[in-house]
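# Descriptive structure summary
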Amino acid sequence: MGLLYGRPQGRVGQGLGAAHSLAQGRGYLIQMLHPQILGHALQRVGSPERGLPILGGQGVFQLAKNRIAWLLILMVSSMITGGILAKYEAAFAVIPLLVTFIPMLTDTGGNAGSQSSTMIIRGMAVGEIEPGDLFKVLWKELRVGVIVGMILGFVNYVRLVILYPGREMLCLTVVLSLMATVIIAKTIGCMLPIAAKVFHMDPAIMAAPLITTIVDTLSLMVYFTLATTLLGMTSM
């Protein structure tokens, strides 16, 4: 059965494992692999003797050209995050402790989203996931996000209550924001690679940075919305 969503892999899955072993061994195990399995796998992941197609077949300037557009777009869009922080500057003045939790929220969201996108990209690479599987993948990743978010939220709530006694509402604000961030990140992380394939873009180039930008923005919006509601604060 498939690694991710229960679709049989058959010889393709065997071939991918064989190719991975070959890549680690730098070609020394080639005589030990079944020719058909090896050939099928190398068509998908690239031959280590020739270099991976995504890198070995392109020059430095071509690689830079492929990546710079997304980096420029995301750099400009990151100003949205700065705008959100500026909007809630008054909240920082009332409870400066709010600022200290922002890195944890954004980092956890980015990690959760990248984790999902990596799994989806791997599934697409071995033919296990197709664009038509979007809703099935989304439903499964949404449930994963709920479970992971609840576990991370519980652990953080215990930690925060111990570190900041008497600040239960603040701890609850952080925990609810964390849970929402993980769920959002998992959802976006599974959708973007599939969307990239539909629009004939490279998910390896655009998925991870775009996930980080979107999740950072949404997590801050959720965080400060909950803070203003639960802690009785107002934005500027």
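Below is a summary of the structure that appears in this document. Computed from a prediction, not measured in an experiment: that's the story for all the values here. Each chain has its residues counted from 1, following the order in which its sequence is written. Only residues with pLDDT of 70 or above have their local features reported here, since the model is predicted, and side-chain atom pairs are shown and tallied only from 80 upward, although totals for entire chains, interfaces and linings are computed over all residues. To obtain the side-chain values, all non-hydrogen atoms of the structure were used and water was disregarded.

## A look at the overall build of the chain
Short version of the rule: Strands are runs of DSSP state E lasting at least two residues, helices are runs of H or I lasting at least four, and both sets are numbered from the N terminus onward. To sort residues, take the accessible area from a 1.4 Å probe on protein chains only and compare it with the maximum for the residue type: under 20% means buried, over 50% means exposed, and anything in between is partly exposed. Between two residues, a contact is recorded if the distance between any of their heavy atoms is within 4.5 Å. Areas reported here follow the Shrake-Rupley algorithm with a probe of radius 1.4 Å; residue values treat only the protein chains shown as occluding.
The helix and strand inventory of the chain stands at 11 helices and zero strands. Walking the chain from its N terminus toward its C terminus, one meets helices and strands in the order α-α-α-α-α-α-α-α-α-α-α. Counting every position in the chain, which comprises 236 residues, the buried fraction comes to 37%. Sequence separation of at least 24 residues holds for 75% of the intrachain contacts in the chain that already meet a minimum separation of 6. As displayed, the chain has an accessible area near 13,200 Å², and 69% of this comes from carbon and sulfur atoms.

## Regarding unusual backbone geometry
For His-200, which is not a glycine, the phi torsion comes out positive at approximately 60°. Position of His-200 relative to the elements: it lies in the loop between helix H10 (168-198) and helix H11 (203-230).

## Here's the deal with the packing of aromatic side chains
Using the following cut-off: Classification of ring pairs rests on two measures: the distance between centres of Phe, Tyr or Trp rings, Trp counted by its six-membered ring, which must be within 6.5 Å, and the angle between planes, read as stacked under 30 degrees, edge-to-face over 60 and tilted in between.
Applying the stated rule across the entire model yields two aromatic pairs. Centroid distance Phe-101 to Tyr-164: 5.9 Å. Interplanar angle 85°. Geometry classified as edge-to-face. Pair noted here: Phe-101 is in the loop between helix H7 (97-100) and helix H8 (102-125) and Tyr-164 is in the loop between helix H9 (134-163) and H10, with a separation of 63 residues, a long-range link. For Phe-101, a relative accessible area of 5% corresponds to the buried category. On the basis of relative accessible area, Tyr-164 is assigned to the partly exposed category, the value being 26%. Geometrically, the ring pair formed by Tyr-223 and Phe-224 is tilted, given 5.1 Å between the ring centres and 45° between the ring planes. Neither residue differs from the other here; Tyr-223 and Phe-224 are each classed as buried.

## With respect to H11
The test is simple: What a helix should span is 1.5 Å times the count of its residues minus one.
Under the 1.5 Å per step criterion, the end-to-end length of H11 is 38 Å for 28 residues, consistent within 8% with the ideal 40 Å. A positive phi of about 65° marks Gly-232, the residue just after H11.

## A short note on the side chain of Asn-156
Here is the rule we go by: Polar contacts here mean pairs of N or O atoms no more than 3.5 Å apart (in protein, one a potential hydrogen donor and the other a potential acceptor; neighbouring residues in sequence count only if both atoms are side-chain atoms).
In this fold, Asn-156 is placed in helix H9. Among the polar contacts listed, one links the side chain of Asn-156 to the backbone oxygen of Leu-152, at a separation of 3.0 Å. Excluding anything up to four places from it in sequence, Asn-156 contacts Met-104, Val-175 and Leu-178.

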